[in-house]
Amino acid sequence: MHLFPKFSSPGSVGPFIKEMNITPIAITDPPLLNAAGLHAPYALRTIVELITDDGISGISEIPGNEQTNEALKATQHLIVGKDPFQLGELQQALEAHFGTESAHERGDTPWDQRKLVHVFSALEVACLDIIGKICNRPVVDLLGGRMRDAVPFAAYLFYKYEGAGGVLGSGKDPAAKGWAAARQEEAVDPKGIVAQAEAMCKAYGFKSIKLKGGAFEPRLETDTMLALYQEFGGEYPLRFDPNAIWKPETAFTYGKEMEGILEYLEDPVRGQENMAALRKKLKTPLATNMCTTSFEDIPNSIRLGAEDIILSDHHFWGGLRASMQLSKLCSTFGRALSMHSNSHLGISLAAMVHLGAALPEMPYALDTHYPWQSEEVIVGGSMGFQDGAVPVPSGPGLGVELDKEALQKLHKAYLSCGLTKRDDEAEMRKFYPEWTFQKVRW
Ligand code: GKR
Ligand code: MG
């Protein structure tokens, strides 16, 4: 029973959402290795555009997945006609329609497989873009204001097979130099990874380095980190992430070996209990984007002491405002907050930058896959990095605009590539037919 009348947005006064466009796209992606297999030649993203009655467009980008797209389509009747400022009301309408989604539905893969958090995030970011344009303020100002003018990112290294992705597969451009060449070359040993780090840091100015592990046995991957330390140690902080594929004893052995060379160790083991037990034995801080990935996970994380750093991601924490709430919880409970990424384009990057700029504390450079992508869906092409950081876009809203021609081209690639969701195991089986994903391998 409501003691007070519930406010309901008038709909007919002020701006209202008149149109909602959902466009799945496919972007070329190199054959990067991880614990779940291999990246396919295309990564999928979904672009959402909301248009108000007076023609203001708000955009967002989320990981592409047919199921999420279906869920987005099912929200259309709830969104069209609503006031984009009434985010609380929108959220409640979505929750009433879909019910809740448990943290368990995240799945075991390195990436998050939940639908609803992605749907909420897509709609919230597009609404914030509209609100920013109406108020003539950047999104960072809607999140509490600018704590920094540029947001630092880390070089995100991957073991990879030869090739730069897309229909050309392993096709080589003989004129490719520097980072462009590194994107095409094979990297399966420490030397290849060190060369990749040099090329990426030189091209983007990154000053922190992360290696995605979990692809090869721990000895090789630890040696790779030691080789990176020899080359960059002392100067650039290093991180390593085997996506929870190590057994507790393996993580202890190799975690001890890497003690002193890592800024943090990311998801060495699976589950909050295993993380908490390892954390008691290692001096290196532990970070996660796999065991504490929603508000529902926080009480147990605090009870157990599962990690030191939560790698947020507005795509799966339910949006930018939810990520700001997470930052408050983190500071209350003695966690640092940083940011996780997946293959993405400039709309996601812009949202990450606005969020990063608004966070009260930013002790670590954020993750981004952006250097691995060679296409864009925003006007003007790729966003620029200066000294490893992205300046906060200066325009109102997200400060980036949708390139309609590029959107159509990438949508055509989606229709012709035949992929409907991310499946790194299936891609790996094209090389090794017997290969299976194991939650814990070594
Ligand atoms: O792109 O292969 C990848 C990564 O493994 C990604 O899916 C993870 O979600 O970057 C991520 C991570 O930090 O775990
Ligand atoms: Mg990770």
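Residues numbered from 1 in each chain as written. Chains lettered and ligands numbered in written order. Predicted model: local features only at pLDDT ≥ 70, side-chain atom pairs only at ≥ 80, totals over all residues. Heavy atoms only, no water.

### Looking at the site of ligand 1
Filter applied, for reference: Distances are taken per atom, and a residue is near a molecule or strand as soon as one of its heavy atoms is within 4 Å of it. Any pair of nitrogen or oxygen atoms within 3.5 Å is treated as a polar contact; in protein, a donor-acceptor pairing is required on top of that, and neighbouring residues in sequence qualify only through side-chain atoms on both sides. Each accessible area value is a Shrake-Rupley result obtained with a 1.4 Å probe; residue values ignore everything except the protein chains displayed when judging cover. Cavities and pockets were defined on a 1 Å grid built from protein atoms only: a cavity is a group of points that admits a 1.4 Å probe but offers it no way out, a pocket is an open group of points flanked by protein on both sides within 12 Å along at least five of seven lines, and a lining residue is one with an atom within 4 Å of any such point. More than half of a molecule's atoms lying within 2 Å of a cavity's or pocket's grid points is what places that molecule inside it.
Close to ligand 1 lie 17 residues, the nearest being Asn34, His39, Tyr156, Asn342 and His369. Contact between ligand 1 and Lys210: an oxygen atom at 2.9 Å from a side-chain N or O atom of the residue. In the environment of ligand 1, an oxygen atom lies 3.0 Å from a nitrogen or oxygen atom belonging to the backbone of Ser341. Calculation on ligand 1 without its partners gives an accessible area of 350 Å², and the protein chains cover 100% of this total. Comparing atom positions with the cavity grids shows ligand 1 to sit within the largest cavity.

### Notes on the sheet that holds strand β5 (residues 57–63)
Quick reminder of the rule: Think of it this way: DSSP has to see at least two bridges between two strands before they count as a pair. The helix and strand labels rest on DSSP assignments: H or I over at least four residues marks a helix, E over at least two residues marks a strand, and numbering proceeds from the N terminus. A fitted line through C-alpha atoms represents every axis, and for helices the fit uses only the stretch in contact; the resulting angles, taken between N-to-C directions, go from 0 to 180 degrees. By the convention used here, residues are in contact when the closest approach between their heavy atoms is within 4.5 Å.
Reading across the sheet, the three strands line up as β1-β4-β5 and stay open at both edges, with antiparallel pairing between neighbours. Pairing within the sheet leaves two strands with one partner each, and these edge strands are β1 (17–28) and β5. Across the sheet, the mean angle from the axis of one strand to that of its neighbour is 20°, orientation sign disregarded. As paired elements, β1 and strand β4 (residues 42–52) share eleven bridges and run antiparallel to each other. The partner of Glu19 across the bridge, within β4, is Ile51. Along the sheet, helix α4 (residues 116–135) makes contact with β1, β4 and β5, crossing β5 at roughly 155°. Running over the sheet, helix α14 (residues 404–417) touches β1 and β4 and is turned about 60° from β1.

### Remarks on the coordination of the magnesium ion (ligand 2)
So the rule is basically this: Note on donors: an N, O or S atom is included if it sits within 2.8 Å of the metal, or within 3.2 Å for Na, K and Ca, and water is never included, so sites can look incomplete. Partly exposed residues are those whose accessible area sits between 20% and 50% of the maximum for their type, while under 20% is buried and over 50% is exposed, using a 1.4 Å probe and protein chains only.
On the protein side, the magnesium ion (ligand 2) has Asp241 (OD), Glu266 (OE) and Asn289 (OD1) as donor atoms, found 2.0 to 2.2 Å from it. Ordering the donors of the magnesium ion (ligand 2) by residue number gives the pattern D-x24-E-x22-N. Note that Glu266 is positioned in strand β10 (residues 264–266) and Asn289 in the loop between β11 (286–288) and α11 (298–304), a separation of 23 residues in sequence. Overall, Glu266 belongs to the buried group, its relative accessible area being 0%. On the basis of relative accessible area, Asn289 is assigned to the buried category, the value being 1%.

### A closer look at empty space enclosed by the protein
Operational definition: Grid points are joined across faces, edges and corners, and a volume is the space filled by probe spheres set on the points. For this scheme, ten residues count as nonpolar: Ala, Val, Leu, Ile, Met, Phe, Trp, Tyr, Cys and Pro. Four count as charged, namely Asp, Glu, Lys and Arg, and the remainder, Gly too, count as polar.
Inspection of every chain in the model, using the stated rule, returns three cavities of 30 Å³ or more. The volume enclosed by the largest cavity comes to roughly 80 Å³. Contributing to the lining of the largest cavity are 15 residues, with Pro110, Tyr156, Lys212, Asn243 and Asn342 lying nearest its centre. Of the residues belonging to the lining of the largest cavity, the class tally is four nonpolar, eight polar and three charged.

### Considerations on a negative patch on the surface
Just so we agree on the cut-off: Patch membership requires over 30% relative accessible area and the absence of a salt bridge. Like charges are linked within 9 Å, and nonpolar side chains (Val, Leu, Ile, Met, Phe, Trp, Tyr) within 5 Å. A side-chain nitrogen of Lys or Arg and a carboxyl oxygen of Asp or Glu constitute a salt bridge if their distance falls within 4 Å. By the counting rule applied here, Lys and Arg register as positive and Asp and Glu as negative, while His and the ends of each chain are not counted. A single reference atom marks each charge: NZ on Lys, CZ on Arg, CG on Asp, CD on Glu.
Together, Glu162, Glu185, Glu186 and Asp189 give the surface a local cluster of negative charge. Among the structural elements, Asp189 can be located in the loop between α6 (178–184) and α7 (190–204). For Asp189, a relative accessible area of 35% gives the class partly exposed.

### Concerning the packing of aromatic side chains
What characterises a pair of aromatic rings is the spacing of the ring centres plus the angle enclosed by the ring planes. Spelled out, the test is: For this analysis, a ring pair means two rings from Phe, Tyr or Trp (six-membered ring only for Trp) whose centres lie within 6.5 Å, classed as stacked if their planes differ by under 30 degrees, edge-to-face if by over 60, and tilted for the remaining angles. Any Lys NZ or Arg CZ found within 6 Å of a ring centre and within 35 degrees of that ring's normal is scored as a charge over the ring.
Scanning the model with the defined rule gives 15 aromatic pairs in all. Centre to centre, the rings of Phe232 and Tyr236 are 5.7 Å apart; their planes meet at 20°, and the pair counts as stacked. The class of Phe232 is buried, set by a relative accessible area of 8%. Taken together, Phe153, Tyr204, Phe206, Tyr370 and Phe385 form an aromatic cluster joined through their ring pairs. One residue, Lys281, lies across the ring of Phe252, its end atom 5.4 Å from the ring centre. When the ring centre of Trp442 is taken as reference, the NZ or CZ atom of Arg441 above it lies at 5.7 Å.

### Comments concerning the layout of surface pockets
Each pocket or cavity is described by its volume, and for the largest pocket that value is around 850 Å³. Lining the largest pocket are 44 residues, with Gly64, Asn65, Trp111, Lys421 and Arg422 positioned closest to its centre. Within the residue set of the lining of the largest pocket, elements represented by two or more residues are β4, α1 (66–73), α4 and α15 (424–429). Broken down by class, the residue content of the lining of the largest pocket amounts to 13 nonpolar, 16 polar and 15 charged.

### So, the packing of helix α9 (residues 248–257) against helix α10 (residues 272–281)
Going by this rule: Here is the rule for angles: anything less than 35 degrees is roughly parallel, anything more than 145 is roughly antiparallel, 65 through 115 is roughly perpendicular, and the remaining ranges are oblique. Crossing chirality is assigned from the near helix's rotation relative to the far helix, an anticlockwise turn below a right angle marking it left-handed and a clockwise turn marking it right-handed.
The N-to-C vectors of α9 and α10 enclose an angle of 30°; their axes lie 10 Å apart at closest approach. Between α9 and α10, the angle is such that the two are roughly parallel. When the axes of α9 and α10 are compared, the crossing they make is right-handed. Mapping the contact onto sequence places Pro248, Ala251, Phe252 and Lys256 in α9 and Asn274, Leu278 and Lys281 in α10.

### A short note on the domain arrangement of the protein
The criterion, for reference: Residue ranges for the domains trace back to a domain assignment, done automatically or taken from a database. Throughout, buried area stands for the accessible area (probe radius 1.4 Å) lost by two parts on being put together, summed over both.
On domain assignment, one finds that the protein holds domain 1 (7–136 + 405–416) and domain 2 (142–398). Placing the centre of domain 1 and that of domain 2 at their C-alpha centroids yields a distance of 23 Å. The partner domain 2 presents 54 residues to the 50 residues of domain 1 that form the contact. Here domain 1 packs against domain 2, burying approximately 4,000 Å² in sum over the two surfaces, 62% of which is carbon and sulfur. Together, Thr28, Leu33 and Glu61 form the three largest contributors to the area buried by domain 1 at its contact with domain 2, with a combined 15%.

### Remarks on the confidence of the model for the protein
The following threshold applies: A score between 0 and 100, pLDDT records how confident the predictor is in each residue.
Per-chain confidence: the protein averages 95 in pLDDT, with 96% of residues scoring 70 or above. When the criterion is pLDDT under 50, residues 5–11 qualifies, and its contacts beyond four places in sequence or with other chains add up to nine contacts.

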